[in-house]
Amino acid sequence: MSLLSDPTRRNAPEENARLGPKAAEDEVPVMGRSRGLSLRAMAPNAITAAALCSGLTGIRFAISEQWAAAAVAIIVAGILDGMDGRIARLLKAQSRFGAELDSLADSLSFGTAPAIIIYLWSLSSEPRWGWFAALALAICCALRLARFNAQIDVEEQPHKSLGFLTGVPAPMGAGLAFMPFYLWMATGLDVFRSPIFVGPWLLATALLMISSMATPSWTSLRPRRGIRLWLLAFVGLLFAALLVEPWWTLSVIGIGYLALLPFTLMRYSKIRRRAVSPAQ
């Protein structure tokens, strides 16, 4: 049977081209015909481009040794990255173009840019193995995003099906990579800038990004109704703390995320056992 006479084979490339981007990794992909970039798709893709520019501008600040501005540029890129997919979903403007642009922007803003910034800030005093640690962060971020893109249309995803992610997501990985910098800004202690501390920390962060462990997602974090008002108050206080003591607050957020990982693993194991038990 020829390709033209087989409708299944003829439509397969078209179906793959219609996979749209996601607001989050645990979101179900939206199917839609690819007819070029629509007018309403301009807004989310413009936000993605702005996130890319913010991440790369952080490198420019680092070259000028404006370390705080460089870190803030990466944080702004993370905020914009959290907005573009959700706006695309609200506008029903998902597209394969947006998905590919988002992955490229994430790789540069949360892999390449943090690696260069941290290298210039700390690891340049040990250029051989310091550059190796920086490369590990950039490469592992790219590998993580490639793994995510390759699994977009894969049905069997144990973590995703139960509401979890696989490995630390790229924006959070960049935030964890900057933890020594946050502590250095908060305390002024040179030990947090030492390549002996920063290098292994980057390697550990890189490994977390490409790991197969279950990590928390927004769908897995569902607080009970009785504590939701308390949670709103906590978010308000957290925002105020970011304005008053940004570096200490960012450090606490990073430590809190790391402390949450063991509990996420236990919760995932518990939910998985419940999901498997009825089938046995």
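For every chain, the first residue of the written sequence is number 1, and numbering continues from 1 onward in sequence order. Thresholds applied to this predicted model are a pLDDT of at least 70 for local features of residues and 80 or more for the giving and counting of side-chain atom pairs; totals over whole chains, interfaces and linings are not thresholded and use all residues. In computing side-chain values, all of the structure's heavy atoms are included and hydrogens and water are not.

Asker: Sorry if this is basic, but what is going on with the overall build of the protein here?
Answerer: What counts as a helix is a DSSP run of H or I of at least four residues, what counts as a strand is a run of E of at least two, and both are numbered from the N terminus. Along the protein, the regular secondary structure elements total 11 helices and two strands. Secondary structure elements of the protein occur, N-terminal to C-terminal, as α-α-α-α-α-α-β-α-α-α-β-α-α. Here, residues are in contact when the closest pair of their heavy atoms is within 4.5 Å. The contacts in the protein between residues at least 6 apart in sequence include a share of 78% that link residues at least 24 apart. By element, 67% of the accessible surface of the protein is carried by carbon and sulfur atoms, the whole surface being about 15800 Å². Per-residue and other accessible areas were derived by the Shrake-Rupley procedure at a 1.4 Å probe size, with only the shown protein chains allowed to occlude residues.

Asker: Explanation requested: the nonpolar core in the structure shown.
Answerer: Proteins that are soluble and globular tend to have nonpolar side chains buried together. One finds I118, L123, F178, F181 and L202 to be the most contacted residues of the largest nonpolar core, which totals 43 residues. Every element with two or more residues in this core is listed here: α2 (42-63), α3 (67-91), α4 (96-121), α5 (127-150), α7 (170-177), α8 (179-187), α9 (195-210) and α11 (246-276). Tallying contributions element by element places α4 first for this core, with seven residues. Discounting chain neighbours no more than four positions away, the residues touching F178 are A71, I74, P114, I117 and I118. Here, nonpolar core refers to any group of buried Ala, Val, Leu, Ile, Met, Phe, Trp, Tyr and Cys residues whose side-chain atoms link them within 4.5 Å. Categorising residues by exposure relies on relative accessible area from a 1.4 Å probe, with only protein chains included: less than 20% of the type maximum marks a residue as buried, more than 50% marks it as exposed, and the intermediate range marks it as partly exposed.

Asker: Quick question: what am I supposed to make of α3 here?
Answerer: Side chains of residues three or four places apart in an α-helix project in the same direction, reflecting 3.6 residues per turn. In this model α3 runs 36 Å from its N-terminal to its C-terminal C-alpha over 25 residues, within 8% of the 36 Å that 1.5 Å per residue would give. Those residues of α3 that fall on the buried side of the exposure criterion are W67, A70, A71, A73, I74, A77, L80, D81, D84, G85 and A88. Following α3 by one or two positions, K92 adopts a phi angle in the positive range, close to 55 degrees. The span one expects for a helix is its residue count, reduced by one, times 1.5 Å.

Asker: Looking at this structure, I do not really get the confidence of the model for the protein. What am I missing?
Answerer: Low pLDDT marks stretches whose predicted atomic positions should not be read closely. How sure the predictor is of each residue is captured by pLDDT, a score from 0 to 100. Averaged over all residues, the pLDDT of the protein is 83; the fraction at 70 or higher stands at 79%. Looking across the protein, the model is least confident in helix α1 (residues 7-17), with a mean pLDDT of 43, and most confident in α8, with 97. Scored below 50 in pLDDT, residues 1-20 shows 30 contacts in the model against residues more than four places distant or in partner chains.

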